[in-house]
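# Topology and contacts: notes
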Number of protein chains: 2
Amino acid sequence: MDGLDEGILRALVADARATFAEIGAEVGLSAPAVKRRVDRLVATGAVRGFTAVVDPAALGWGTEAYVEVRCEGPVSPRELRRRLVGIPEVVEAVTVTGRADALLHLLARDVQHLERALERVRDELDVAATESVIVLSRLLDRARPGHAGGD
Amino acid sequence: MDGLDEGILRALVADARATFAEIGAEVGLSAPAVKRRVDRLVATGAVRGFTAVVDPAALGWGTEAYVEVRCEGPVSPRELRRRLVGIPEVVEAVTVTGRADALLHLLARDVQHLERALERVRDELDVAATESVIVLSRLLDRARPGHAGGD
DNA sequence: GTTGAAAGTCGCTAAAT
DNA sequence: ATTTAGCGACTTTCAAC
């Protein structure tokens, strides 16, 4: 990991489908040299993969919420994960410090759909309490280029 | 947007560097047909872009937090955004319903670094109160393939 | 260890059907 | 939407640093 790798990462985050020659032009390397470094970044795990940034709103999923969940009794992260994978509206889930056990990020078509998804979360996890906030606007999203107001 | 487009989106989210022929094999289309549909998905905004999923931990950014922020007096989302862009540790920011004005997602090298970033947030936003939780483990991350425990 | 150059292969893209 | 064909990019090999 040196400055060249950082430049390559910047280029790949900005556009994962950039050609090796294009990336090379940005960082001052030939295409084969870039490929070798990209292969290494993937092999070492610095790059986990390449993905498309899909606009949920364009697919009619315009409602977004973050939900803190506190469960009845102790729950293992593994078990938590197992129960949440089956709920497609849960797009992100982390365990956290503090009063809550987990913080969930939900995506839904509308508020009714969100409510149904939350019911399903409560069913799956036997939840003691939840605290939800609905997203009004997305200001920033550095992990997903173009996904928020003019990054 | 039909079933074929959905299949193409699935393939691109799974691997943004997949060739059109590979995607075509998955959804049952020829490479040129896939290219036309991908071009249309990008043009209509359903696909906002393509990005690399970088593992922050592999770069030494192992500390992650979510922070609810309540500001003194009313603040416009635009102004909020302007002030947060300058803080690189803030990787995500949304405005939300409820007591808080904004929910921030922060990435830092360690807890000390996180504390400094939080001080900077407080300086930039004249904050009335913050409520932070530190991420213990990431269970699920559907937007970033391979970024959480065995998606 | 690294890089850059060349050659062969493969994928991309524009046409015609 | 597919097939074809021409072009550009990728990937391997090799020589040089």
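Please read these numbers as outputs of a predicted model, since none were measured by experiment.

Looking only at helices and strands, one finds five helices and five strands in chain A. Helices (α) and strands (β) of chain A occur, in sequence order from the N terminus, as α-α-α-β-β-α-β-β-α-β. When its C-alpha atoms are laid out on the principal axes, chain A stretches across 55 × 35 × 25 Å. By residue count, 45% of the 151 residues in chain A fall in the buried class. With an accessible surface of roughly 7200 Å², chain A has 51% of that area assigned to carbon and sulfur atoms.

All names here are of chain B. In terms of residue burial, strand β2 (residues 63–71) counts as a mostly covered element, since seven of its nine residues are buried. Sheet topology places β2 next to strand β4 (residues 102–108); seven bridges connect them, and they run antiparallel. Looking across to β4, one finds that Glu68 is bridged to Leu103. Note that β2 and strand β5 (residues 127–141) share seven bridges and pair antiparallel.

Mapped onto the present numbering, the UniProt feature "coiled-coil region" (unreviewed entry) falls at residues 104–131 of chain A. Between the C-alpha atoms that bound residues 104–131 of chain A the distance is 10 Å, and the span itself is 54% helix and 36% strand.

A word on the protein's contact with DNA strand C. Inspection of the region around DNA strand C gives Leu29(A), Ser30(A), Pro32(A), Ala33(A), Arg36(A), Arg37(A), Arg40(A), Thr19(B), Phe20(B), Ala21(B), Pro32(B) and Lys35(B) as its neighbouring residues. Among atoms of DNA strand C positioned within 4 Å of the protein, sugar and phosphate together represent 64%. Between a base nitrogen of DNA strand C and a side-chain N or O atom of Arg36(A), the distance comes to 3.4 Å. Here Arg40(A) contributes a side-chain N or O atom positioned 2.7 Å from a phosphate oxygen of DNA strand C. For the surface near DNA strand C, the secondary structure elements donating two or more residues are α3 (31–44) of chain A together with α2 (20–27) and α3 (31–44) of chain B. Looking at which element gives the most residues to the surface near DNA strand C, the answer is α3(A), with five residues. The class makeup of the residues in the surface near DNA strand C is six nonpolar, two polar and four charged.

Let's shift gears to the UniProt feature "domain: HTH asnC-type" (unreviewed entry) in chain A. What UniProt calls "domain: HTH asnC-type" (unreviewed entry) maps, in this numbering, to residues 1–62 of chain A. In residues 1–62 of chain A, helix accounts for 55% and strand for 13%; the two terminal C-alpha atoms are 39 Å from one another.

Attention now goes to the side chain of Arg37(B). All names here are of chain B. Mapping Arg37 onto the fold places it in helix α3. Within the local environment of Arg37, its side chain forms a polar contact with the side chain of Asp5, the two groups lying 3.1 Å apart. Each residue touching Arg37, except ones within four places of it in the same chain, is listed here: Asp2, Leu4, Asp5, Ile8 and Leu29.

This paragraph deals with the environment of Glu22(A). Mapped onto the elements, Glu22(A) comes out in helix α2 (residues 20–27). Spatially, the C-alpha atoms of Glu22(A) and Glu92(A) are 33 Å apart, while their sequence positions differ by 70 residues.

Looking now at the relation of the copies chain B and chain A. Overlaying chain B on chain A yields an RMSD of 0.1 Å, the required transformation being a rotation through 180° with an accompanying axial translation of 0.1 Å. Such values leave the two copies arranged in the relation of a two-fold axis. Interface overlap between copies is the fraction of interface residues in one copy that are interface residues in the other; for chain B against chain A it reaches 100%, indicating a shared surface.

Conventions and cut-offs
- Residues numbered from 1 in each chain as written.
- Chains lettered and ligands numbered in written order.
- Predicted model: local features only at pLDDT ≥ 70, side-chain atom pairs only at ≥ 80, totals over all residues.
- Heavy atoms only, no water.
- Helix = DSSP H or I, 4+ residues; strand = E, 2+ residues; numbered from the N terminus.
- Buried < 20%, exposed > 50% of the residue type's maximum accessible area, 1.4 Å probe, protein only.
- Areas by Shrake-Rupley, 256 points an atom, 1.4 Å probe, with all protein chains shown as cover.
- Pairing = 2+ DSSP bridges.
- UniProt positions renumbered as here; feature names shortened; annotations may be inferred.
- Near = heavy atom within 4 Å.
- Polar contact = N/O pair within 3.5 Å; in protein donor to acceptor, adjacent residues only side chain to side chain.
- Nonpolar A, V, L, I, M, F, W, Y, C, P; charged D, E, K, R; others polar.
- Contact = heavy atoms within 4.5 Å.
- Least-squares fit on C-alpha atoms with pLDDT ≥ 70 in both.

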